[in-house]
Structure formats: C-alpha cells, structure tokens
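In case you want the letters, here they are:
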Amino acid sequence: MKFQIEDVTVYFPYDHIYPEQHAYMVELKRALDAKGHCLLEMPTGTGKTIALLSLITSYALSKPSSLVKLLYCTRTVHEMEKTLGELKLLHRYQRLHLGDAARTLALGLSSRKNLCINPAVVSAENRDSVDAGCRKLTASWVRALAVENPNIPTCQFYEDYEKAASDAVLPPGVYTLQDLRAFGKEKGWCPYFLARHMVQFANVVVYSYQYLLDPKVAGIISKEMQRESVVVFDEAHNIDNVCIEALSVSVRRQTLEGATRNLNKMTQEIQRVYPQLELVKPPFLPADLVPSMLQIGQSISPFVFKH
C-alpha cells in the first residue's frame, strides 16, 4: 500500500497496516525532519522493522538530498538476515511503483566466518580460527613472498578480487549474506572483502552493533561512513552490554606468560640482527602502585630502543 505522511509518500509492502505502525512512522518522520535523536518503543510482533525500513527508505526517495545512508545495527546475524529479507521485499515493492528511480544498494556485513567461501578456511570450527586462516593467506607480506615462491599458499578468491580492481563491484540490489556468498562464488571474488569495500557506496548497510560501537572495529569498518547517515539500533536495550563488552579487556595469567615469551624471543632476535641497538630498561613504577601487575607478570620488563 502507498500513503502520505505529511510531505513524504510512504511505500509499505503489505495490504494492511497496524495503527501502531502508522503512529510509529509519523514520530520517526518528525525526528528525521528535526535531524535529532529518537527513542521509539513498540511491542513485540507489531512490525517494527518493516515500519522503520519503509519510512526511512521512503523518506530518502521523497527527499534525496536529506539522507545519505542508513546504517541499521542488529544484535545477531539472524536479526541481520531477517532485516535484509524485509528490505528485499520492500525494495521489490518500491521498484514496482517507481521503476529504476527506486534502485538502491543494500547489503549486510558480517565476519569472515559468515562470508568466507574458501573451503580450506571456512571449515575451521570457530570465528577466531577462520580469521587467522584468512590472514595467513591474504596478509600483504604473505602475498609478497608468494610472488617469489609459488609454493606459498594464498587465497585464490582474494587474488581474483584484487585483480578485478575497480571492476569488483556489486550491482544495485539488496544482498543478504547468502546472496553475497553466491555472488562471490559466481564471480570468483572474496565476498568478505567485496562487502567491506562496498559499504562505503551502499545506501543501506545492515551490520552488528560492534561495527559502530567497538572502537577497534569501527576504526576499520565505519571510519569512512558519512556523518549525515541515519543510524538505527534495533533492540537498543542491548547497547549497554555491547559497550561494556567492547570496552572491557580480560587478561589471564596464560596471556601474560605468552606475552613474556614473545617479548623475550623478540628481544633476542633484535639483539642478533641489530647488535648496535642498546636495550635500556626504563625505571619501574613503585611496587605499591601496581601490586597486582607485579605479582602476575613478575618477569615482564618493558624495553626502549636506544641507537
């Protein structure tokens, strides 16, 4: 159905709409006009996602100069795929009424574990193992060594993606994670790195909270997002837990012991390769200021290089 909310023509892909959905859209539209923040709450099962997507994308179609990008943040991959499924349905309905004028690029972005199509990598049992396996095949220094030694393994999907250069783009459309994997297999391109590249050109990006809230991840993924973007946090009551997790660090004794061994190995190697460098131990903090650190990591000594 199609209807007006003030000066915006709203495209809604169903024949009926709940009164709560319409009221939700009205308040959201006024928040967008005011270019401010908005907190909206609706009961479970009343169609929050499609109401929100319909209003924001319709607003962008009615006022193309007002909105640049929609960043839709979800808590889980399941919620991400559900959102993209609703968006795909909505996009078909908008194309039915507007034709090419409604063309858009929308995609989901997730971890390598959910986007990798290299059988040797994605078969790993957990996300960290997949990340490590990917980096072993795609790191710049590994690829540089592979040029001289063909026996060093690399990822053919990543190599073909790099060779395609500026031709490696997604056509307009709405892409779920499954769609991205299928497109990557068809083209022979890595869907993970393709999606990471295309987020800066997409009209709608659906991804995890961490990609915007975790400074370590956001500095890589979201640093080039336009400030004019509309940001939606779905199930926003989870934000505090996500922020606590993102900004917390857990250090175990095994981690400190492993760091100590690595530092000792690095020190020995540096002294072997660069004997002219003098390693100077800086003064420690008073023991009463860092008792726990000294107790757990007694053998860790920071070094400063002095030439």
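Conventions and cut-offs
- Residues numbered from 1 in each chain as written.
- Predicted model: local features only at pLDDT ≥ 70, side-chain atom pairs only at ≥ 80, totals over all residues.
- Heavy atoms only, no water.
- Helix = DSSP H or I, 4+ residues; strand = E, 2+ residues; numbered from the N terminus.
- Expected span 1.5 Å × (residues − 1).
- Buried < 20%, exposed > 50% of the residue type's maximum accessible area, 1.4 Å probe, protein only.
- 1 Å grid on protein atoms, 1.4 Å probe; cavity = no way out; pocket = protein on both sides within 12 Å on 5 of 7 lines; lining within 4 Å.
- Points joined across faces, edges and corners; volume = space filled by probe spheres on them.
- Nonpolar A, V, L, I, M, F, W, Y, C, P; charged D, E, K, R; others polar.
- Pairing = 2+ DSSP bridges.
- Contact = heavy atoms within 4.5 Å.
- Polar contact = N/O pair within 3.5 Å; in protein donor to acceptor, adjacent residues only side chain to side chain.
- Phe/Tyr/Trp six-rings, centres within 6.5 Å; stacked < 30°, edge-to-face > 60°.
- Axes fitted to C-alpha atoms, helices over the stretch in contact; angles between N-to-C directions.
- Parallel < 35°, antiparallel > 145°, perpendicular 65-115°, else oblique.
- Core = buried A, V, L, I, M, F, W, Y, C linked by side-chain atoms within 4.5 Å.

The protein appears in an unreviewed UniProt entry as Helicase ATP-binding domain-containing protein from Escallonia rubra.

A. Region of interest: helix α3 (residues 77-98). For α3, with 22 residues, the first-to-last C-alpha span of 31 Å sits near the 32 Å given by 1.5 Å per residue. Turning to α3, its buried residues number three or more, namely Glu79, Met80, Thr83, Leu84, Glu86, Leu87, Leu90, His91, Tyr93 and Gln94. Taken from the residues just after α3, Gly99 is the one with a positive phi, measuring 65°.

B. Molecular detail of empty space enclosed by the protein. The final tally for this structure, using the stated rule, is one cavity of 30 Å³ or more. Reported here for the largest cavity is a volume of approximately 100 Å³. Surrounding the largest cavity, 14 residues form its lining, Cys116, Asn118, Cys134, Cys155 and Cys190 being those nearest its centre. Among the secondary structure elements, those contributing two or more residues to the lining of the largest cavity are α6 (127-138), α8 (156-164) and α10 (191-198). Ranked by the residues each element gives to the lining of the largest cavity, the list is headed by α6, at three residues. Taken together, the residues of the lining of the largest cavity break down into 11 nonpolar, two polar and one charged.

C. Inspection of the pairing of strand β4 (residues 105-109) at higher detail. Of all the five residues making up β4, five are buried; the element is thus mostly covered by neighbouring parts of the structure. Alternating residues of β4 divide into Leu105, Leu107 and Leu109 and Ala106 and Gly108, and every residue in both groups is buried. Sheet analysis places β4 next to strand β5 (residues 173-175), joined by three bridges and oriented parallel. Along β5, the bridge assignment pairs Leu105 with Gly173.

D. Highlighting the environment of Lys113. Its location among the elements puts Lys113 in helix α4 (residues 112-115). Look at Lys113 and you get partly exposed, because its relative accessible area is 28%. As a C-alpha pair, Lys113 and Ala124 span 11 residues in sequence and 8.6 Å in three-dimensional space. The contacts of Lys113, once residues within four sequence positions are left out, are Val122, Ala124, Glu125, Asn126, Arg127 and Val130. Reaching out from Lys113, the side chain makes a polar contact with the backbone oxygen of Ala124 at a distance of 2.6 Å.

E. Just the pairing of strand β3 (residues 70-74), in detail. With five of five residues buried, β3 is to be regarded as a mostly interior element. Residues of β3 alternate between two faces, with Leu70, Tyr72 and Thr74 on one and Leu71 and Cys73 on the opposite face, all of them buried. Relative to strand β6 (residues 204-208), β3 is paired through five bridges, and the arrangement is parallel. Each residue of the ladder has a partner; that of Tyr72, found in β6, is Val206.

F. Summary view of the packing of aromatic side chains. On inspection of all chains with the given rule, the structure shows eight aromatic pairs. Geometrically, the ring pair formed by Tyr158 and Phe193 is edge-to-face, given 4.7 Å between the ring centres and 65° between the ring planes. Of the two residues, Tyr158 sits in helix α8 while Phe193 sits in helix α10, which places them 35 residues apart along the sequence. Since its relative accessible area comes to 11%, Tyr158 is described here as buried. When the ring of Phe183 is compared with that of Trp189, the centres are 6.1 Å apart and the planes differ by 65°; the resulting orientation is edge-to-face. Residues Phe183 and Trp189 agree in their burial class; the two are buried. An aromatic cluster of three or more residues is present, and its members are Tyr158, Tyr161, Tyr192 and Phe193.

G. Representation of the packing of α6 against helix α7 (residues 140-148) in the model. At a minimum axis separation of 5 Å, α6 and α7 run at an interaxial angle of 40°. By the angle between their axes, α6 is oblique relative to α7. Residues Lys136, Leu137 and Thr138 of α6 touch α7, and the partners they reach there are Ser140, Val142 and Arg143. Grouping the amino acids of the contact of α6 with α7 by side-chain chemistry returns two nonpolar, two polar and two charged.

H. Layout of the nonpolar core. Formed by 68 residues in total, the largest nonpolar core has its most connected members in Met25, Ile56, Leu107, Leu109, Leu170, Leu194 and Tyr207. With residues near it in sequence (within four places) discarded, Leu107 still touches Leu84, Leu170, Tyr175, Ala195, Met198, Val199, Ala202, Val204, Val205 and Val206.

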